[in-house]
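Structural features, examined
The lines below spell out each chain.
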Amino acid sequence: MSLSTDALPRLAGPRGIAELSELMARAHAENRTVAVFGGGTAFDDHPPASTPGLLIDLTSIAEVADQSGDTIRAGAGTRISALTGFAAQSGQEILADLPRDRIDAGATLGGMIATAATGPRCLRRPRLAETVESVTVIAADGTIARTADGLHPDLGRRALPRLITGSWGTRAIIAEAEIRLTERPETQRFVWIPGTEAACDLLTARRVPDAVVIERPAGSPAATVVLIEGETDDVEEEAGHLVDRVPGATPCAEPEWWGRRARLAATIELSVAPSFIPTLIDAVDRLETTIGYPLQLRGSATGSFELGVGAPDSEPGVATRVVLEHLRSFGLHFIAARLIHAPASVWDEVDAWGPQPGRQGLVELKSLVDPRGILAPGRGIAGV
């Protein structure tokens, strides 16, 4: 098919950056809305988008272009599992920790960056946005950009990777990216600790663990799971020290839920002051009893949590609204709560985003890079 002469399709799988650029230029000229997908592992996150005028499958842009030292460059449609296998050949792994359930489901490099995905090992590792060394994107009008001023002259002082990471495809389409690698740890050890009292103290320990995760299964007490990784002798010594020092601490195998998101019928993302975590857990216990729906809480002791609401076969709209309103009543200083995953019907029943103090800035940025609003309208943070 010749893109320049044939009618623009509803679904396209470009074979390279140039073809993707041409597709976007055509869509822009025809004022068509555009959405992209890779592994589709985040399609159910954020409000459901209206059917786009052009849906672009990026899995055809999947070439691993280069590995040089501590970075790897690849097409946006490259599966993270493939990159992980490629890096493992030289004893390396992706530096940022990423959610294992999405990797297993076929998540792509572009999708992970666009959604700012993160896993539990965030205490001693940088976030994904900090590990994206460079990125090539296609602007709303089809322009190929490798710097922020390629999207708009007023953005010349902004770093393009940070501008694009977490934008949910609303500012530009990721075509290719270079990310940092690190040496794979020699050993990993897990330690289970009853309750959550020790969690905050571990964040300021003499040797901060690689992950401190709080898990409260539905209907069960919360517990803390700690990960220590590195050279074998150091890891064994630190794990032994932790078991000796913390009451109830016990070595354990890797939990089956490790690195996986809390996913029930609906999922709420929470940002909590670490000192407020005990109050959060008490609130979840009371809410579960009050509304009669199972609630599953999982997240880092740094204060980033996911709260799953309801059994998978339930209709959790009312329960989700009650939970959101109650948690927001504590105020943004203590808890920020927003809906990130739910059946389509639930989004219309709740205030998904809640207070968003920075929303106007996001709207202004969107108007700069996509003045016609054709890129994934409504899919960005705060519904931008």
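Computed from a predicted structure; not experimentally measured.

**Regarding the nonpolar core**
Ranked by internal contacts, the top residues of the largest apolar core, which has 53 residues, are V137, L151 and I173. Tallying contributions element by element places strand β9 (residues 173-183) first for this core, with 6 residues. With near-sequence residues (within four places) excluded, V137 lies in contact with T143, I144, A145, L151, L160, I164, A172, I173, I174 and A175. Core analysis: the next-biggest nonpolar cluster, separate from the first, contains 45 residues, L270, I281, L297 and V350 among them.

**Re unusual backbone geometry**
One non-glycine residue, W168, lies in positive phi territory at about 55°. On the secondary structure map, W168 appears in the loop between α6 (160-164) and β9. Here W168 falls in the buried class, since its relative accessible area comes to 12%. Phi at A382 takes a positive value of approximately 65°, unusual for a residue other than glycine. By relative accessible area, which is 5% here, A382 ends up buried.

**Let's talk about the sheet that holds strand β1 (residues 11-12)**
Overall, parallel pairing links the 3 strands, which are arranged β1-β3-β2 in an open sheet. Of all the strands in the sheet, the pair left with one neighbour each is β1 and β2 (34-37). Pairing geometry for β2 and strand β3 (residues 54-57), over 4 bridges, is parallel. Bridged to A35 within β3 is L55.

**Let's talk about the packing of helix α9 (residues 277-291) against helix α10 (residues 317-328)**
The N-to-C vectors of α9 and α10 enclose an angle of 150°; their axes lie 11 Å apart at closest approach. For the pair α9 and α10, the sense of crossing is right-handed. Between α9 and α10, the residues in contact are L280, A283, R286, L287 and I291 and A319, V322, V323, H326 and L327, respectively. Of the residues contributing to the contact of α9 with α10, the split by class is 8 nonpolar, 1 polar and 1 charged.

**Some details on the confidence of the model for the chain**
Chain-level statistics for the chain give a pLDDT mean of 93 and a share of 98% at 70 or above. No element of the chain has a lower mean pLDDT than strand β4 (residues 64-68), at 73, and none a higher one than strand β8 (residues 144-145), at 98.

**Focus on the pairing of strand β7 (residues 132-138)**
Note on strand geometry: in a regular strand, side chains alternate between the two faces of the sheet. Judged by how many residues are buried, β7 sits mostly within the fold: 5 of 7 residues are covered. Both β7 and β8 contribute to a ladder of 2 bridges, which runs antiparallel. Among the inter-strand pairings, V137 is bridged to a residue of β8, identified as A145.

**Side note on a negative patch on the surface**
A cluster of like negative charges, contributed by E183, E186, E231, D233, D234 and E237, occupies part of the molecular surface. Residue contributions to the negative patch peak at 3 residues, all from helix α8 (residues 232-245). Within the element layout of this structure, D233 appears in helix α8. Take D233: its relative accessible area is 65%, and that puts it in the exposed class.

**Some points on the packing of aromatic side chains**
Using the criterion set out here, one finds 5 aromatic pairs in the structure. When the ring of F190 is compared with that of W258, the centres are 5.0 Å apart and the planes differ by 80°; the resulting orientation is edge-to-face. Note that F190 is positioned in strand β10 (residues 187-194) and W258 in the loop between β13 (250-252) and β14 (266-272), a separation of 68 residues in sequence. An identical accessibility class is assigned to F190 and W258; each is buried. Ring geometry for F276 versus F330: centroids 5.2 Å apart, planes at 75°, classification edge-to-face. A residue pair is termed long-range when its members are at least 10 positions apart, and F276 in the loop between β14 and α9 and F330 in the loop between α10 and β17 (335-341) qualify at 54 residues. According to the relative accessible area criterion, F330 is partly exposed, its value standing at 24%.

**What about the environment of L54?**
Within the fold, L54 resides in strand β3. Judged by relative accessible area, which is 0%, L54 ranks as buried. For the pair L54 and D282, spaced 228 residues apart in sequence, the C-alpha to C-alpha distance is 46 Å. Residues within four places of L54 in sequence aside, it is in contact with L8, P9, R10, L11, A12, L23, A27, R32, T33, V34 and A35.

**Some remarks on the sheet that holds strand β11 (residues 211-216)**
Pairing is antiparallel in the open sheet, where 8 strands are placed in the order β13-β10-β12-β11-β15-β16-β14-β17. Taken across any chain shown, the strands that pair with only one partner, and hence form the sheet edges, are β13 and β17. Averaged over all pairs of adjacent strands, the angle between their axes in this sheet comes to 25°, without regard to strand direction. Relative to strand β12 (residues 223-230), β10 runs antiparallel, the two being bridged by 8 bridges. Each residue of the ladder has a partner; that of I193, found in β12, is T224. Docked against the sheet, α9 engages β11, β14, β15 (295-300), β16 (304-309) and β17, running at close to 165° with respect to β15. Across the sheet, α10 is in contact with β14, β15, β16 and β17; its angle to β17 comes to roughly 160°.

Parameters at a glance
- Residues numbered from 1 in each chain as written.
- Predicted model: local features only at pLDDT ≥ 70, side-chain atom pairs only at ≥ 80, totals over all residues.
- Heavy atoms only, no water.
- Core = buried A, V, L, I, M, F, W, Y, C linked by side-chain atoms within 4.5 Å.
- Buried < 20%, exposed > 50% of the residue type's maximum accessible area, 1.4 Å probe, protein only.
- Helix = DSSP H or I, 4+ residues; strand = E, 2+ residues; numbered from the N terminus.
- Contact = heavy atoms within 4.5 Å.
- Pairing = 2+ DSSP bridges.
- Axes fitted to C-alpha atoms, helices over the stretch in contact; angles between N-to-C directions.
- Left-handed = near helix turned anticlockwise from the far one by under 90°.
- Nonpolar A, V, L, I, M, F, W, Y, C, P; charged D, E, K, R; others polar.
- pLDDT = per-residue confidence, 0-100.
- Patch = residues over 30% accessible without salt bridge, like charges linked within 9 Å, V, L, I, M, F, W, Y side chains within 5 Å.
- Areas by Shrake-Rupley, 256 points an atom, 1.4 Å probe, with all protein chains shown as cover.
- Salt bridge = Lys/Arg side-chain N within 4 Å of Asp/Glu carboxyl O.
- Lys, Arg positive; Asp, Glu negative; His and termini not counted.
- Charge placed at Lys NZ, Arg CZ, Asp CG, Glu CD.
- Phe/Tyr/Trp six-rings, centres within 6.5 Å; stacked < 30°, edge-to-face > 60°.

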